[in-house]
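Summary of the model geometry
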Amino acid sequence: MRSLFTGVLICCAIGLSAQTKGLVTVLKDPMIDSLIAKRIALNTSTKIVAGPAAARPATIVSSMGYRVQVFYGSDRRQVYSQQAKFSSQYPSLNTYITYKEPNYYLRVGDFRTRLEAQRLLNELRPSFPTLFIFREKINAPNLDYND
(Lines give C-alpha, C1' and ligand atoms only; values in the text may rest on other atoms or scores of the structure.)
Protein backbone atom coordinates (compact mmCIF):
# COMPACT_ATOMS: atom_id res chain seq x y z
CA MET A 1 0.00 0.00 0.00
CA ARG A 2 2.83 2.35 0.89
CA SER A 3 4.67 1.71 -2.41
CA LEU A 4 1.45 2.25 -4.38
CA PHE A 5 0.89 5.57 -2.62
CA THR A 6 4.50 6.62 -3.31
CA GLY A 7 4.14 5.66 -7.01
CA VAL A 8 0.93 7.68 -7.39
CA LEU A 9 2.57 10.65 -5.66
CA ILE A 10 5.60 10.51 -7.99
CA CYS A 11 3.36 10.33 -11.08
CA CYS A 12 1.41 13.37 -9.89
CA ALA A 13 4.63 15.26 -9.21
CA ILE A 14 5.96 14.51 -12.71
CA GLY A 15 2.68 15.63 -14.24
CA LEU A 16 2.71 18.86 -12.26
CA SER A 17 6.33 19.73 -13.09
CA ALA A 18 5.86 19.43 -16.86
CA GLN A 19 5.51 22.90 -18.32
CA THR A 20 4.43 24.04 -21.70
CA LYS A 21 6.37 26.62 -23.70
CA GLY A 22 4.75 30.01 -23.65
CA LEU A 23 5.04 33.34 -25.39
CA VAL A 24 6.67 36.28 -23.60
CA THR A 25 5.74 39.80 -24.64
CA VAL A 26 8.02 42.64 -23.58
CA LEU A 27 6.44 46.06 -23.37
CA LYS A 28 8.91 48.95 -23.58
CA ASP A 29 8.33 52.63 -23.03
CA PRO A 30 9.24 54.63 -26.18
CA MET A 31 11.11 57.13 -23.98
CA ILE A 32 13.84 54.51 -23.46
CA ASP A 33 14.91 54.85 -27.10
CA SER A 34 15.09 58.63 -26.80
CA LEU A 35 17.18 58.36 -23.60
CA ILE A 36 19.61 56.02 -25.34
CA ALA A 37 19.89 58.44 -28.27
CA LYS A 38 20.60 61.33 -25.85
CA ARG A 39 23.27 59.29 -24.07
CA ILE A 40 25.00 58.53 -27.37
CA ALA A 41 24.84 62.20 -28.35
CA LEU A 42 26.38 63.28 -25.04
CA ASN A 43 29.22 60.78 -25.34
CA THR A 44 30.07 61.77 -28.90
CA SER A 45 32.51 64.58 -29.53
CA THR A 46 33.80 66.09 -32.75
CA LYS A 47 37.37 65.33 -33.71
CA ILE A 48 38.90 67.85 -36.13
CA VAL A 49 41.24 66.23 -38.60
CA ALA A 50 43.90 68.34 -40.31
CA GLY A 51 44.00 68.33 -44.08
CA PRO A 52 41.28 67.68 -46.61
CA ALA A 53 39.31 65.34 -44.35
CA ALA A 54 36.27 66.91 -42.72
CA ALA A 55 35.39 66.77 -39.03
CA ARG A 56 34.13 63.34 -38.05
CA PRO A 57 32.48 62.19 -34.84
CA ALA A 58 34.61 60.30 -32.35
CA THR A 59 33.02 58.39 -29.48
CA ILE A 60 34.48 58.90 -26.01
CA VAL A 61 34.78 55.50 -24.39
CA SER A 62 35.54 55.03 -20.71
CA SER A 63 37.48 51.96 -19.72
CA MET A 64 39.98 50.88 -17.12
CA GLY A 65 43.53 51.97 -17.79
CA TYR A 66 46.48 53.77 -16.23
CA ARG A 67 47.47 57.33 -15.37
CA VAL A 68 50.68 58.75 -13.98
CA GLN A 69 50.40 60.90 -10.86
CA VAL A 70 52.74 63.83 -11.30
CA PHE A 71 52.02 65.92 -8.21
CA TYR A 72 49.90 66.02 -5.07
CA GLY A 73 49.49 68.57 -2.34
CA SER A 74 47.00 70.45 -0.21
CA ASP A 75 47.55 73.86 -1.88
CA ARG A 76 45.27 74.26 -4.89
CA ARG A 77 47.32 77.06 -6.47
CA GLN A 78 50.44 74.92 -6.37
CA VAL A 79 48.64 72.04 -8.11
CA TYR A 80 47.38 74.37 -10.85
CA SER A 81 50.89 75.80 -11.36
CA GLN A 82 52.25 72.25 -11.70
CA GLN A 83 49.49 71.52 -14.22
CA ALA A 84 50.48 74.59 -16.25
CA LYS A 85 54.15 73.56 -16.10
CA PHE A 86 53.34 70.05 -17.27
CA SER A 87 50.96 71.21 -20.02
CA SER A 88 53.61 73.56 -21.41
CA GLN A 89 56.14 70.71 -21.62
CA TYR A 90 53.71 68.02 -22.85
CA PRO A 91 50.72 69.66 -24.60
CA SER A 92 49.55 66.40 -26.20
CA LEU A 93 48.81 64.67 -22.87
CA ASN A 94 45.59 65.25 -20.95
CA THR A 95 45.84 66.38 -17.33
CA TYR A 96 43.31 65.63 -14.59
CA ILE A 97 43.04 67.26 -11.16
CA THR A 98 41.06 65.46 -8.49
CA TYR A 99 40.41 66.41 -4.90
CA LYS A 100 40.25 63.87 -2.10
CA GLU A 101 40.26 65.56 1.25
CA PRO A 102 42.75 67.05 2.19
CA ASN A 103 44.89 66.75 -1.00
CA TYR A 104 44.69 67.64 -4.68
CA TYR A 105 46.12 65.13 -7.15
CA LEU A 106 47.46 65.89 -10.63
CA ARG A 107 47.36 62.84 -12.89
CA VAL A 108 48.21 62.75 -16.56
CA GLY A 109 47.61 60.56 -19.58
CA ASP A 110 45.14 57.95 -20.70
CA PHE A 111 47.13 54.75 -21.13
CA ARG A 112 45.67 51.36 -21.99
CA THR A 113 48.63 49.38 -20.63
CA ARG A 114 50.93 49.76 -17.66
CA LEU A 115 53.92 49.61 -20.00
CA GLU A 116 52.83 52.82 -21.77
CA ALA A 117 52.45 54.55 -18.40
CA GLN A 118 55.86 53.25 -17.29
CA ARG A 119 57.49 54.75 -20.40
CA LEU A 120 56.06 58.17 -19.56
CA LEU A 121 57.10 57.78 -15.92
CA ASN A 122 60.69 57.07 -16.99
CA GLU A 123 60.63 60.12 -19.28
CA LEU A 124 59.25 62.41 -16.54
CA ARG A 125 61.53 61.19 -13.73
CA PRO A 126 64.12 64.04 -14.07
CA SER A 127 61.49 66.82 -14.14
CA PHE A 128 59.00 65.63 -11.52
CA PRO A 129 60.29 63.96 -8.32
CA THR A 130 57.19 62.12 -7.05
CA LEU A 131 55.68 59.88 -9.71
CA PHE A 132 53.25 57.00 -9.27
CA ILE A 133 51.18 54.87 -11.64
CA PHE A 134 47.49 54.41 -10.82
CA ARG A 135 44.89 52.13 -12.35
CA GLU A 136 41.59 53.97 -12.82
CA LYS A 137 38.84 54.70 -15.29
CA ILE A 138 40.25 56.58 -18.29
CA ASN A 139 38.93 58.18 -21.45
CA ALA A 140 40.23 55.58 -23.86
CA PRO A 141 42.24 57.13 -26.68
CA ASN A 142 41.05 56.53 -30.24
CA LEU A 143 42.96 53.85 -32.08
CA ASP A 144 44.40 55.09 -35.35
CA TYR A 145 45.04 52.22 -37.74
CA ASN A 146 46.30 54.48 -40.56
CA ASP A 147 49.72 55.06 -38.97
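For the structure given in this document, a descriptive report is provided here.

1. Some details on the overall build of the protein chain
In terms of helices and strands, the protein chain carries four helices and six strands. Within the span of the protein chain, comprising 147 residues, buried residues form 24% of the whole. Counting contacts in the protein chain only where the partners sit at least 6 residues apart, residues at least 24 apart contribute 64% of the total. As presented, the protein chain carries roughly 11,600 Å² of accessible surface, and 59% of it is formed by carbon and sulfur atoms.

2. Some remarks on the pattern of salt bridges
Summed over all chains, the structure comprises five salt bridges. Two residues, R107 and E136, come together in a salt bridge whose shortest N-O distance is 2.6 Å. Of the two residues, R107 sits in strand β5 (residues 103-111) while E136 sits in strand β6 (residues 132-140), which places them 29 residues apart along the sequence. Like R107, the residue E136 is buried in the burial classification.

3. Thoughts on the nonpolar core
Most often, soluble globular proteins keep nonpolar side chains buried together rather than apart. The biggest cluster of nonpolar side chains holds 18 residues, and the ones touching the most others in it are V68, V70, F86, L124 and L131. Counting only elements with at least two residues in this core, the list comes to β3 (61-73), α3 (76-89), β5 and α4 (114-124).

Rules used throughout
- Residues numbered from 1 in each chain as written.
- Predicted model: local features only at pLDDT ≥ 70, side-chain atom pairs only at ≥ 80, totals over all residues.
- Heavy atoms only, no water.
- Helix = DSSP H or I, 4+ residues; strand = E, 2+ residues; numbered from the N terminus.
- Buried < 20%, exposed > 50% of the residue type's maximum accessible area, 1.4 Å probe, protein only.
- Contact = heavy atoms within 4.5 Å.
- Areas by Shrake-Rupley, 256 points an atom, 1.4 Å probe, with all protein chains shown as cover.
- Salt bridge = Lys/Arg side-chain N within 4 Å of Asp/Glu carboxyl O.
- Core = buried A, V, L, I, M, F, W, Y, C linked by side-chain atoms within 4.5 Å.

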